[in-house]
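Per-entry structural report
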Amino acid sequence: MLLPSMYLTRSRWLFACCASVLLFGGCGGDTRNADLAEGETLGAGSYTRVVTVDGREHSYRLYVPDGVEMNSDVDLPLVVSLHGGGSNAGEHDLFTQLRDTADDATFLLMTPQGFRSTWNAGSCCAPASAQEIDHVAVIAALLDDAESVLALDSQRVYATGHSNGGMMAYRLGCELSERIAAIAPNAATMMDRNLDADPVETVFECLPGRPVPVFHMHGLADTCVPFEGGASTGPEGGQRPPVSDSIDFWVDNNRCLLPPLLSSYSNGNASCESYRGCQDSAVVTLCTIEGGGHTWPGPGSNPSEATCGGSGVTDLDANTQIWEFFSEHSL
């Protein structure tokens, strides 16, 4: 699903990207991978790395938190954070503020750049889906690259994302479960089916090799990815399945007890319910925000309000809740 306020023309995208060079030192092909001797690992700092998959370059921003020394012998967890459609890696880091959380909690942060600002999460979103970019293979290659330059705990790799990025996080849970310990999609649904086809088409089979813990967040006033399903008001349009389809799939996959045994969080307009008693403790949590729009919970901003409705969210701090959830799970 596209993030409308960040759906940029090519010239505006180039301006935003190159502005990020000044702030973060990265803009597509203008950057080079850091040179390291064999066996060396990166210390604290911000880096841009580029990996070639099927003849196409794919870049990602890598953040190593404060206090981590070069060639550290302490293996750290890694969070893969995926931007919304129409956005980019630099904007997404600013949007989520996950770098601050990485410093506080001491985890590594990978923010990949999608193909023309989109992810092939199944039936969404073009142009990545139309070009059939294998973003599961791309993320796997990025993880290989990260493991070659970081003191990284491969048993504690997690994926989160907003909108189209959240859809991609779901797909990683389906197709890369041997490497992703848990996922936390926001303002998204699984896009394994094309509801606009007649008859409905299956785009990919979700066949995870293990129970995958899921932490899902959703604003109930979001019209770009409607909680109850239906037509999207976003630039790409199309039908979206109800969030319950995604939750029910993972509850079944993880063999959780029904119904939720307890409310795991409640604050103002935000509440969370957790399905527990799951195989391998693979909890499935659904957090909803009454009146919340198509935005990242916590900061209170809502850049997509004009297109996707709803309001900003402060009653749920996505970064705190996501990290608390991730830290409870490993492969």
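Conventions we followed
- Residues numbered from 1 in each chain as written.
- Predicted model: local features only at pLDDT ≥ 70, side-chain atom pairs only at ≥ 80, totals over all residues.
- Heavy atoms only, no water.
- 1 Å grid on protein atoms, 1.4 Å probe; cavity = no way out; pocket = protein on both sides within 12 Å on 5 of 7 lines; lining within 4 Å.
- Points joined across faces, edges and corners; volume = space filled by probe spheres on them.
- Nonpolar A, V, L, I, M, F, W, Y, C, P; charged D, E, K, R; others polar.
- Helix = DSSP H or I, 4+ residues; strand = E, 2+ residues; numbered from the N terminus.
- Buried < 20%, exposed > 50% of the residue type's maximum accessible area, 1.4 Å probe, protein only.
- Pairing = 2+ DSSP bridges.
- Right-handed = clockwise from strand over helix to strand, strands pointing away.
- Expected span 1.5 Å × (residues − 1).
- Disulfide = S-S within 2.5 Å.
- Phe/Tyr/Trp six-rings, centres within 6.5 Å; stacked < 30°, edge-to-face > 60°.
- Lys NZ or Arg CZ within 6 Å of the ring centre and 35° of its normal.

What about empty space enclosed by the protein?
Tallied over the entire structure, the rule returns two cavities of 30 Å³ or more. Of the volumes computed, that of the largest cavity is approximately 40 Å³. Lining the largest cavity, in full, are Thr41, Leu42, Val64, Val68, Glu69, Asn71, Ser72, Leu76, Leu108, Leu150 and Ala151. Class assignment for the residues of the lining of the largest cavity results in seven nonpolar, three polar and one charged. Approximately 30 Å³ is the volume attributed to the second largest cavity. Lining the second largest cavity are Val79, Leu98, Phe107, Thr160, Asn319, Ile322, Trp323 and Phe326. In terms of residues, the lining of the second largest cavity owes the most to one element, helix α8 (residues 318-326), which gives four residues. Classifying every residue of the lining of the second largest cavity gives six nonpolar, two polar and no charged.

A few points about the pairing of strand β5 (residues 152-162)
Among the 11 residues in β5, eight count as buried, and that is most of the element. Judged from the five bridges that link them, β5 and strand β6 (residues 182-186) form a sheet pairing that is parallel. Along β6, the bridge assignment pairs Tyr158 with Ala182. As a crossover connection, the stretch from β5 through helix α5 (residues 164-175) into β6 is right-handed.

Side note on α5
Under the 1.5 Å per step criterion, the end-to-end length of α5 is 16 Å for 12 residues, consistent within 8% with the ideal 16 Å. Residues of α5 that are buried include every one of Asn164, Gly165, Gly166, Met167, Met168, Ala169, Tyr170, Arg171, Leu172, Gly173 and Cys174, and no others.

Quick look at the state of the cysteines
For the structure on display, the rule yields five disulfides. Sulfur-sulfur distance for the disulfide between Cys256 and Cys278 comes to 2.1 Å. Around the S-S axis, the bridge from Cys256 to Cys278 shows a dihedral of about 110° and counts as right-handed. Taken together, the residues Cys256 in the loop between α6 (243-253) and β12 (262-267) and Cys278 in the loop between β13 (270-275) and β14 (284-289) connect sequence positions 22 residues apart. Per residue, the accessibility class of Cys256 equals that of Cys278, and both read buried. For the protein, the bonded cysteines connect in the pattern 1-2, 3-4, 5-10, 6-8, 7-9 when numbered consecutively along the sequence.

Here's the deal with unusual backbone geometry
Leaving glycine aside, a negative phi is the common case for residues, and trans is the common case for peptide bonds. A cis geometry characterises the amide bond from Cys124 onward to Cys125, with omega recorded as 10°. As for its placement among the helices and strands, Cys125 is situated in the loop between β4 (108-112) and α4 (135-149). For the bond running from Ala126 to Pro127, omega is 10°, close enough to zero to count as cis. Turning to its location among the elements, Pro127 is positioned in the loop between β4 and α4. Despite not being glycine, Ser163 shows a phi value in the positive range, around 60°. Along the chain, the position of Ser163 falls in the loop between β5 and α5. Ser163 sits in the buried class, given a relative accessible area of 0%. Residues other than glycine seldom take positive phi values, yet Asp280 does so here, at roughly 55°. Here Asp280 is to be found in the loop between β13 and β14.

Examining the packing of aromatic side chains
Overall, the coordinates contain five aromatic pairs when judged by the stated rule. Pairing Tyr158 with Phe326 gives two aromatic rings, centres 4.6 Å apart and planes at 10°, and the pair type is stacked. Highlighted residues: Tyr158 in strand β5 and Phe326 in helix α8, separated in sequence by 168 residues. Overall, the relative accessible area of 0% leaves Phe326 in the buried class. Relative to Trp250, the ring of Phe249 has its centre 5.0 Å away and its plane inclined at 85°; by these criteria the two rings are edge-to-face. According to the relative accessible area criterion, Phe249 is partly exposed, its value standing at 28%. Above the face of the Phe204 ring, Arg171 is positioned so that its terminal group lies 4.2 Å from the ring centre.

So, to be careful, I would describe these as geometric facts and stop short of saying anything about function.
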